[in-house]
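Listed below are the residues making up each chain.
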Protein chains: 2
Amino acid sequence: MAEKTTITPRAEDYASWYQDVIRQGELAEPAEVVKGCMVIKPHGYAIWEKIQAQLDRRFKETGHKNAYFPLFIPESFLKREAQHVEGFSPELAVVTIGGGKQLEEAYVVRPTSETIIGHFFAKWISSWRDLPLLINQWANVVRWELRTRMFLRTTEFLWQEGHTAHASHEEAIAEARRMLEVYAEFAEGWMAMPVIRGTKTESEKFAGAVTSYCIEAMMQNGLALQAGTSHDLGQNFGKAFDVKFQNTEKQLEYVWQTSWGVSTRLIGGLVMSHSDDNGLVLPPRMAPIQVAVVPIYRKDEERQAVYEAADRLAAEARAKGLLVEVDKREGYKPGFKYFHWEQRGVPVRVEIGPRDLAASQVMIKRRDGADKRAVPMGELAGTLFGVMETIQGDLLARARERMEQSTLEVDSHDEFVGLMAPITAEKGGGKFAMVHWCGSPDCEARIKETKATFRCIPFEDRHGGPGKCLVCGGPSPRRVVAAKAY
Amino acid sequence: MAEKTTITPRAEDYASWYQDVIRQGELAEPAEVVKGCMVIKPHGYAIWEKIQAQLDRRFKETGHKNAYFPLFIPESFLKREAQHVEGFSPELAVVTIGGGKQLEEAYVVRPTSETIIGHFFAKWISSWRDLPLLINQWANVVRWELRTRMFLRTTEFLWQEGHTAHASHEEAIAEARRMLEVYAEFAEGWMAMPVIRGTKTESEKFAGAVTSYCIEAMMQNGLALQAGTSHDLGQNFGKAFDVKFQNTEKQLEYVWQTSWGVSTRLIGGLVMSHSDDNGLVLPPRMAPIQVAVVPIYRKDEERQAVYEAADRLAAEARAKGLLVEVDKREGYKPGFKYFHWEQRGVPVRVEIGPRDLAASQVMIKRRDGADKRAVPMGELAGTLFGVMETIQGDLLARARERMEQSTLEVDSHDEFVGLMAPITAEKGGGKFAMVHWCGSPDCEARIKETKATFRCIPFEDRHGGPGKCLVCGGPSPRRVVAAKAY
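Residues numbered from 1 in each chain as written. Chains lettered and ligands numbered in written order. Predicted model: local features only at pLDDT ≥ 70, side-chain atom pairs only at ≥ 80, totals over all residues. Heavy atoms only, no water.

Undergrad: I'd like a description of the overall build of chain A, backed by residues and values.
TA: Within chain A, the regular secondary structure consists of 14 helices and 25 strands. Along the first, second and third principal axes, the C-alpha set of chain A runs to 80 × 55 × 50 Å. Across the 486 residues in chain A, those meeting the buried criterion constitute 59%. Put simply, of all contacts in chain A between residues at least 6 apart along the chain, 69% involve residues at least 24 apart. Looking at chain A as shown, the accessible area adds up to about 19,400 Å², and 50% of this sits on carbon and sulfur atoms. Between the centroid of the 62 positive side chains of chain A and the centroid of its 65 negative side chains there is a distance of 2 Å. (Helix = DSSP H or I, 4+ residues; strand = E, 2+ residues; numbered from the N terminus. Buried < 20%, exposed > 50% of the residue type's maximum accessible area, 1.4 Å probe, protein only. Contact = heavy atoms within 4.5 Å. Areas by Shrake-Rupley, 256 points an atom, 1.4 Å probe, with all protein chains shown as cover. Lys, Arg positive; Asp, Glu negative; His and termini not counted. Charge placed at Lys NZ, Arg CZ, Asp CG, Glu CD.)

Structure below.
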């Protein structure tokens, strides 16, 4: 069976393009034998490791410690928090048989761990001295999904979930906001993916939260991607799991909790922020390989000199901290190798052949579009280092520009309906509509009739303060983001 | 309910001691609401992170790449390899309900991933050019266990599983042996836990392997702990999952595979290699905190000067790469803090008070036993660095000595039965009996009547070559290790 090796152009079918980029970039493939699951292939997993390394460092710097809680959760635990069970029940995978026997109480495979962690927090916390308790877990979770897309929505996914307990609501809110900012800075500074920081509406918040905060990114097709969330859980889980502490006035009080997470979904966001019709484009800070060196030679006697120069230049670049691969595969033409590294999103390609050797130069080619140019060998490592910074900045600037150009202030409901109607994940054309909303669930329901949702109420109002609700004309404190989303 | 805070002496009940050390060291606790599972607490998880960092680096240096495969495996997959299903069937957790519906085919929660990975290898491999394929996965696995012990045997555990495919049996065997040696060097060089490298007998090998290799360590109570295994899978899974490649002669051939893994069980081995009746003892290379600095002061006016000196000394030690914690918790006496860090296995404690300040010195105390001694402040960082190396070496030497002293050559079956009879995990007194064995399953069965098993046939014969089988008197090529084990 011949496999497809080309990439559908974005303009033709954005959804197919996305799948093609992931396949040709060897990031992942659907695990068709396990419904809705995927295999994360080495190149995709290497990106996840970069995400993990960066976030883990930031979590530790902000005082969090990693721990690990059971994969299985007694089914009864989920029922203790009314909204939580309502939100997650339809998505559960349930273990009913263990060691050959029917279980007395079934276990659910964790869809998230607030409940099981709440149970242990109750054992660990007794005094204000035990607070704040700042825990993070790197884990797999399972949510039974009907419609899946690699990375963006899969039945099993990898993520981190922070779970913290505090002595006051103010402290918990500050924690939830702090971690959202950690996510936002990582998304923008490392993934070159601009995000809007904001608050979820009541109908969109996490099942069991008092308030959910989120970062929302815009993909190339204009659809929104919720890239990270952080929840102020109030005392909801504290009450459900009886997590009490003696405060400094010696009174018993329920703890105030937060939870926050990002997942392998970020990789989907990364793909859809920068890639093009030739395949994956990665910002240098997220690229497992930043420089691919392709040696060029026709005759065997040329090979040794070219290889030696390639190895020497690679060593110099590595000494600057760059991740370099010299492609010495035999039996492949340079053009094949260019294509190979292009599809894998390597930010810069270096070509070196006998004529370059003679001229003491190499050719470099940026993955994100600029023409090839010659660089003197002695300047290569320094040049590459600078080019990485430039690419990183350019990708962020381009993504920002796209988001700004596709963000509109919309003031009429008819106009809003007309704007949203043709938008699909396949055809693209998505927009962020900044609309006034009175805050009522009824008006939000009207918005949802278009299949768009309120993505968030931005922390920062860049759209002129109060106005009148798009639907009912009632007073609105500020514009909110409405968009179709993944 | 008052919790126990003391540690049962080893001589009284080794099994209780083990649990007490883990509890007081805050490594883990049983997750009593999820049968046979545990919570790995931050201090325990930090040790796991050190294990991961070291092994992951070694795996990458030997050419392996990380990937991630689904948690769920179609039940039918396990049945394709006859020995494999027989070995794992009794231990499976089975998901029968997903998204509120009974599943048409149940999924098992992976007990190990040979089958699902075999399925994908078949898709990825077609030519000798695709080989070797060297993959590793960090993951959780589930094996339904009736009798569990924290870290040593839990229903869910964390591990890594390497899975590789090769063009020849020789290459696969070399890979399996190479990775066993990676494990052995890590166990000895970093965990200070000496191991015997060897081959499993037919009855003890992995379900589905041609040959299993292992490293076996001896715990303080003389019981054996299988600390890591590496399997030559031959073409068994290649045939079960139709993983074929075109060899250089253009003929189709099944691939030769290996798998190898270590788990959170290693943490149990670490605990039982070095700890004492005062709690956890960690070799410096595995200690998340290597130096605990305890400032001592009576009057508030002394505090600032002591804190400043402590911070400065800590900074100097950190500059040498040491992991230092300055314990500034208010309201706790120095004795409480000593006890705290002792129970957590911190290799060296530094005490600094006003009199030390005056004398420009500090007191240092090794966790592994030697007396306190004074060190001039200016020499502290260098001294600590050297002390870490000394402790690391001393712990390994002590563990080696213990293993040698508890290893006996046994030549009579009666003597062997008498030797093994009184040994239990609680009472200890375990020995490695080096016995001659003819290789027959019948004689092995007689050995197993004592509840001891053949741990391995050592690669290196340190016990004098051939002899006569302990049971039947038949010819034996070399002595093998028989012991009671975890």
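More follows now that the structure is in view.
Undergrad: Summarise the pairing of strand β17 (residues 348–352) of chain A; cite the residues concerned and give the values.
TA: With five of its five residues buried, β17 of chain A lies for the most part within the structure. Burial of β17 of chain A is two-sided: the residues Val348, Val350 and Ile352 of chain A facing one way and the residues Arg349 and Glu351 of chain A facing the other way are all buried.

Undergrad: Lay out the packing of helix α2 (residues 42–61) of chain A against helix α6 (residues 169–189) of chain A with the relevant residues and their values.
TA: Residues and elements named next belong to chain A. Between α2 and α6, the shortest axis-to-axis distance is 11 Å and the interhelical angle comes to 145 degrees. With respect to the hand of their crossing, α2 and α6 are arranged in right-handed fashion. Contact residues: Ile51, Gln54, Leu55, Arg58 and Phe59 in α2; Met179, Val182, Tyr183 and Phe186 in α6. Across the contact of α2 with α6, the residue classes break down as seven nonpolar, one polar and one charged. (Axes fitted to C-alpha atoms, helices over the stretch in contact; angles between N-to-C directions. Left-handed = near helix turned anticlockwise from the far one by under 90°. Nonpolar A, V, L, I, M, F, W, Y, C, P; charged D, E, K, R; others polar.)

Undergrad: I'd like a rundown of the interface of chain A and chain B, residues and numbers included.
TA: Taken together, the contact between chain A and chain B spans 55 residues of the former and 55 residues of the latter. Considering only the surface of chain A that becomes buried against chain B, Val33, Tyr68 and Trp144 of chain A emerge as the three largest contributors, covering 14% of it. Where chain A meets chain B, there are six salt bridges. Residues Lys123 of chain B and Glu29 of chain A are paired through a salt bridge, measuring 3.4 Å at the closest nitrogen-oxygen approach. In this assembly, chain A and chain B are joined by 30 residue pairs in polar contact (both at pLDDT 80 or more). The leading source of residues in the side of chain A that touches chain B is strand β5 (residues 93–98) of chain A, at six residues. Residues of the side of chain A that touches chain B, tallied by class, amount to 35 nonpolar, seven polar and 13 charged. (Buried area = accessible area lost by both parts, 1.4 Å probe. Salt bridge = Lys/Arg side-chain N within 4 Å of Asp/Glu carboxyl O. Polar contact = N/O pair within 3.5 Å; in protein donor to acceptor, adjacent residues only side chain to side chain.)

Undergrad: I'd like a rundown of α2 of chain A, residues and numbers included.
TA: Residues and elements named next belong to chain A. Between its terminal C-alpha atoms α2 stretches 28 Å, which fits the 28 Å expected from 20 residues at 1.5 Å a residue. Within the sequence span of α2, burial applies to His43, Gly44, Tyr45, Ala46, Ile47, Trp48, Ile51, Gln54, Leu55, Asp56, Arg58 and Phe59. A positive phi of about 90 degrees marks Gly63, the residue just after α2. (Expected span 1.5 Å × (residues − 1).)

Undergrad: Summarise the sheet that holds strand β15 (residues 291–295) of chain A; cite the residues concerned and give the values.
TA: All names here are of chain A. Spatially, β16-β15-β17-β18-β19 is the arrangement adopted by the five strands of the open sheet, whose pairing is mixed. What marks the edges here is a single partner per strand, and that holds for β16 (324–326) and β19 (373–376). Recorded for the sheet is a direction-independent mean angle of 30 degrees between the axes of neighbouring strands. Sheet topology note: the strand β18 (residues 361–366)/β19 ladder contains four bridges and is antiparallel. Each residue of the ladder has a partner; that of Met363, found in β19, is Ala374. Against the sheet, helix α9 (residues 300–319) engages β15, β16, β17 and β18, with an angle of about 170 degrees to β16. In the packing of helix α10 (residues 334–343) onto the sheet, the strands contacted are β15, β16 and β17, and the crossing angle to β15 comes to about 175 degrees. (Pairing = 2+ DSSP bridges.)

Undergrad: Report on helix α14 (residues 441–448) of chain B, specifying residues and quantitative values.
TA: In an α-helix, one turn spans 3.6 residues; hence positions three or four apart end up facing the same way. Residue and element names in this part refer to chain B. Buried residues of α14: Cys443, Glu444 and Ile447, and no others. The arc enclosing the buried residues of α14, seen along the axis, measures out at 100 degrees, which places them on a common side. In α14, the exposed residues that point more than 90 degrees away from the buried face are Pro441 and Asp442. (Arc of directions from axis to C-beta.)

Undergrad: Hey, could you go over the relation of the copies chain A and chain B for me, with residue numbers and the actual values?
TA: Relative to chain B, chain A is turned by 180 degrees and slid 0.0 Å along the rotation axis, the superposed coordinates differing by an RMSD of 0.0 Å. Here the copies are linked by what is in effect a two-fold axis. Closest approach to the rotation axis among the C-alpha atoms of chain A is made by Val95 of chain A, whose C-alpha sits 2.1 Å away. A high fraction, 100%, of the interface residues of chain A reappear at the interface in chain B, so the copies pair face to face through one surface. (Least-squares fit on C-alpha atoms with pLDDT ≥ 70 in both.)

Undergrad: Can you lay out the side chain of Asn247 of chain B for me, pointing to particular residues and giving the numbers?
TA: Residue and element names in this part refer to chain B. With respect to the helices and strands, the residue Asn247 is situated in the loop between β12 (244–246) and β13 (252–254). Accessibility expressed as a relative area gives 11% for Asn247, which makes it buried. A polar contact is formed between the side chain of Asn247 and the backbone nitrogen of Glu249, at a distance of 2.9 Å. Of the polar contacts made by the side chain of Asn247, one reaches the side chain of Glu253; its length is 3.0 Å. Excluding anything up to four places from it in sequence, Asn247 contacts Trp128 and Glu253.

Undergrad: Tell me about the environment of Arg402 of chain B, and name the residues and values.
TA: All names here are of chain B. Relative to the helices and strands, Arg402 is located in helix α12 (residues 380–405). Under the relative-accessibility criterion, Arg402 is labelled buried at 18%. Sequence-distant contacts of Arg402, defined by excluding residues within four places in its chain, comprise Met218, Met219, Gln220, Met272 and Ser273. A distance of 3.2 Å separates the side chain of Arg402 from the backbone oxygen of Ser273, its partner in a polar contact.

Undergrad: Give a detailed account of the environment of Ile125 of chain A, specifying residues and quantitative values.
TA: Structurally, Ile125 of chain A can be placed in the loop between α5 (114–124) and β7 (133–142). On the basis of relative accessible area, Ile125 of chain A is assigned to the buried category, the value being 3%.

Undergrad: Lay out the side chain of Asp56 of chain B with the relevant residues and their values.
TA: All names here are of chain B. Structurally, Asp56 is set in helix α2 (residues 42–61). With relative accessibility at 14%, the residue Asp56 sits in the buried group. One polar contact links Asp56 to Lys60, side chain to side chain, over a distance of 2.7 Å.

Undergrad: Account for the packing of aromatic side chains, with residues named and values stated.
TA: Per the counting criterion, the structure on display carries 38 aromatic pairs over all chains. Consider the rings of Phe69 of chain B and Phe120 of chain B, whose centres lie 6.1 Å apart with planes at 50 degrees: the pair is tilted. Of this pair, Phe69 of chain B sits in the loop between β3 (65–66) and β4 (72–74) while Phe120 of chain B sits in helix α5 (residues 114–124), and the two are 51 residues apart along the sequence. Summarising the aromatic geometry, the rings of Tyr213 of chain B and Phe459 of chain B are spaced 5.7 Å apart at their centres and angled 65 degrees between planes, so their arrangement reads as edge-to-face. Here the residue Tyr213 of chain B occupies a position in strand β10 (residues 211–218), and Phe459 of chain B occupies one in the loop between β22 (453–458) and β23 (467–468), the gap between them amounting to 246 residues. Taken together, the aromatic side chains of Trp48, Phe59, Trp138, Tyr183 and Trp260 of chain A make up a single cluster linked through ring pairs. Here the guanidinium or amino end of Arg177 of chain A rests over the ring plane of Tyr213 of chain A, the centre of that ring lying 5.7 Å away. (Phe/Tyr/Trp six-rings, centres within 6.5 Å; stacked < 30°, edge-to-face > 60°. Lys NZ or Arg CZ within 6 Å of the ring centre and 35° of its normal.)

Undergrad: A description of the sheet that holds strand β25 (residues 479–483) of chain B should follow, citing residues and the corresponding values.
TA: All names here are of chain B. If you walk across this open sheet you meet the eleven strands as β3-β7-β8-β14-β11-β10-β9-β22-β25-β21-β20, and the pairing is mixed. Because the sheet does not close on itself, it has two edges, and the strands there are β3 and β20 (407–409). Bridge count between strand β11 (residues 224–234) and strand β14 (residues 256–263): five bridges; the pairing is antiparallel. By the bridge assignment for β14, Ser230 is matched with Trp260. The sheet contacts of helix α8 (residues 265–274) involve β11 and β14, and relative to β11 the element is tilted by about 145 degrees. Across the sheet, α12 is in contact with β9 (195–199), β10, β20 and β21 (432–436); its angle to β20 comes to roughly 30 degrees.

Undergrad: Can you break down the state of the cysteines residue by residue, with the values?
TA: Residues and elements named next belong to chain B. Inspection of the entire model under this criterion finds zero disulfides over all chains. The thiol of Cys438 is not disulfide-bonded; the next cysteine sulfur, from Cys472, is found 3.7 Å away. You can see Cys456 has no disulfide; the closest cysteine sulfur is in Cys214, sitting 4.5 Å from it. (Disulfide = S-S within 2.5 Å.)

Undergrad: Outline the pattern of salt bridges, listing residues and values.
TA: Opposite charge on two side chains makes pairing possible when the charged atoms of those side chains draw close. Tallying each qualifying case throughout the model produces 70 salt bridges over all chains. Of the charged contacts, one joins Glu216 of chain A and Arg455 of chain A as a salt bridge, the two residues approaching to 2.9 Å between their closest N and O atoms. Linking Glu216 of chain A in strand β10 (residues 211–218) with Arg455 of chain A in strand β22 (residues 453–458), this pair joins segments that are 239 residues apart in sequence. Note that Lys448 of chain B is salt-bridged to Glu204 of chain B, the shortest N-O span being 3.0 Å. Remark: Glu204 of chain B occurs in the loop between β9 and β10 and Lys448 of chain B occurs in helix α14; sequence separation between them is 244 residues. Residue Lys448 of chain B is classed as partly exposed on the basis of its relative accessible area of 30%.

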